[in-house]
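Residue strings, one per chain:
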Amino acid sequence: MVDPESVPRLCSVVLDCTDARALAEFYRRLLGLVYRPGDEPPAAGQADERGRDWLVLRSSEGAPQLAFQQVEHLPEATWPKHDVPQQLHLDLTVESVAELQVQHERVLRLGGRLLYDRIDDPDEPLRVYADLAGHPFCIFVG
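None of the values given here were measured: they were computed from a predicted structure.

With that settled, the discussion passes to the overall build of the chain. Broken down by element type, the chain carries two helices and eight strands. Sequence-ordered secondary structure for the chain, helices as α and strands as β, is β-α-β-β-β-β-α-β-β-β. Burial analysis of the chain (142 residues in total) assigns 35% to the buried set. If you take every contact in the chain between residues at least 6 apart in sequence, the share linking residues at least 24 apart comes to 54%. As presented, the chain carries roughly 8,800 Å² of accessible surface, and 52% of it is formed by carbon and sulfur atoms. Measuring between centres, the 14 positive side-chain charges of the chain sit 5 Å from its 24 negative side-chain charges.

Because an α-helix packs 3.6 residues into every turn, residues spaced three or four apart end up facing the same way. For helix α1 (residues 20–31), with 12 residues, the first-to-last C-alpha span of 16 Å sits near the 16 Å given by 1.5 Å per residue. Within the sequence span of α1, burial applies to A20, R21, L23, A24, F26, Y27 and L30. Following α1 by one or two positions, G32 adopts a phi angle in the positive range, close to 70 degrees.

The pairing of strands in a sheet happens through backbone hydrogen bonds and is either parallel or antiparallel. One open sheet accounts for four strands, arranged β5-β8-β7-β6; its pairing is mixed. Looking along the sheet, the strands with just one partner apiece sit at the ends: β5 (90–94) and β6 (113–118). Direction aside, the axes of adjacent strands within the sheet are offset by 20 degrees on average. Across five bridges, the pairing between β5 and strand β8 (residues 136–141) is parallel. Bridged to T93 within β8 is F140.

All right, on to the pattern of salt bridges then. Under the criterion given, the structure shown has nine salt bridges. We note a salt bridge from E49 to R52, for which the minimum N-O separation is 2.5 Å. For E49, a relative accessible area of 53% puts it in the exposed group. Here the residues in one salt-bridge network are R36, D39 and R50, joined through shared partners.

Next up on the list: unusual backbone geometry. Between W79 and the following residue, P80, the backbone shows a cis peptide bond with an omega angle of 10 degrees. Here P80 is to be found in the loop between β4 (64–70) and β5. Backbone geometry at Q87 places phi at a positive 65 degrees, although glycine is not the residue there. Secondary-structure assignment places Q87 in the loop between β4 and β5.

Cut-offs applied
- Residues numbered from 1 in each chain as written.
- Predicted model: local features only at pLDDT ≥ 70, side-chain atom pairs only at ≥ 80, totals over all residues.
- Heavy atoms only, no water.
- Helix = DSSP H or I, 4+ residues; strand = E, 2+ residues; numbered from the N terminus.
- Buried < 20%, exposed > 50% of the residue type's maximum accessible area, 1.4 Å probe, protein only.
- Contact = heavy atoms within 4.5 Å.
- Areas by Shrake-Rupley, 256 points an atom, 1.4 Å probe, with all protein chains shown as cover.
- Lys, Arg positive; Asp, Glu negative; His and termini not counted.
- Charge placed at Lys NZ, Arg CZ, Asp CG, Glu CD.
- Expected span 1.5 Å × (residues − 1).
- Pairing = 2+ DSSP bridges.
- Axes fitted to C-alpha atoms, helices over the stretch in contact; angles between N-to-C directions.
- Salt bridge = Lys/Arg side-chain N within 4 Å of Asp/Glu carboxyl O.

Dropping the structure here:
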């Protein structure tokens, strides 16, 4: 048995991207997260220094969730082909097929793209999307 005090805790999942602010905004709006203090978008007309480097989104209770690291170049994953592997994806769940359809419309409105549709699967209805940077993520009925 491992002493729980000696086990590292997952702090956040970090996504590389060529536009940290845009990707952070996509997930902030999709998941209802909030910026870590100091990472909020700057006032109109001011430079976005934080948005050109590293941003963190937290739950409304303050727990870190997702971080966004600015990189100069990022090849887009080609899932379901394996030319450029996805390496990691996020799994999101909803309670019903009706809610999956609601979230489908939201994802598209926020700029996500549908990659794979299995909403009619009786055992595990799901859809796979690409975010603004091309990272695949799933929303399924769980």
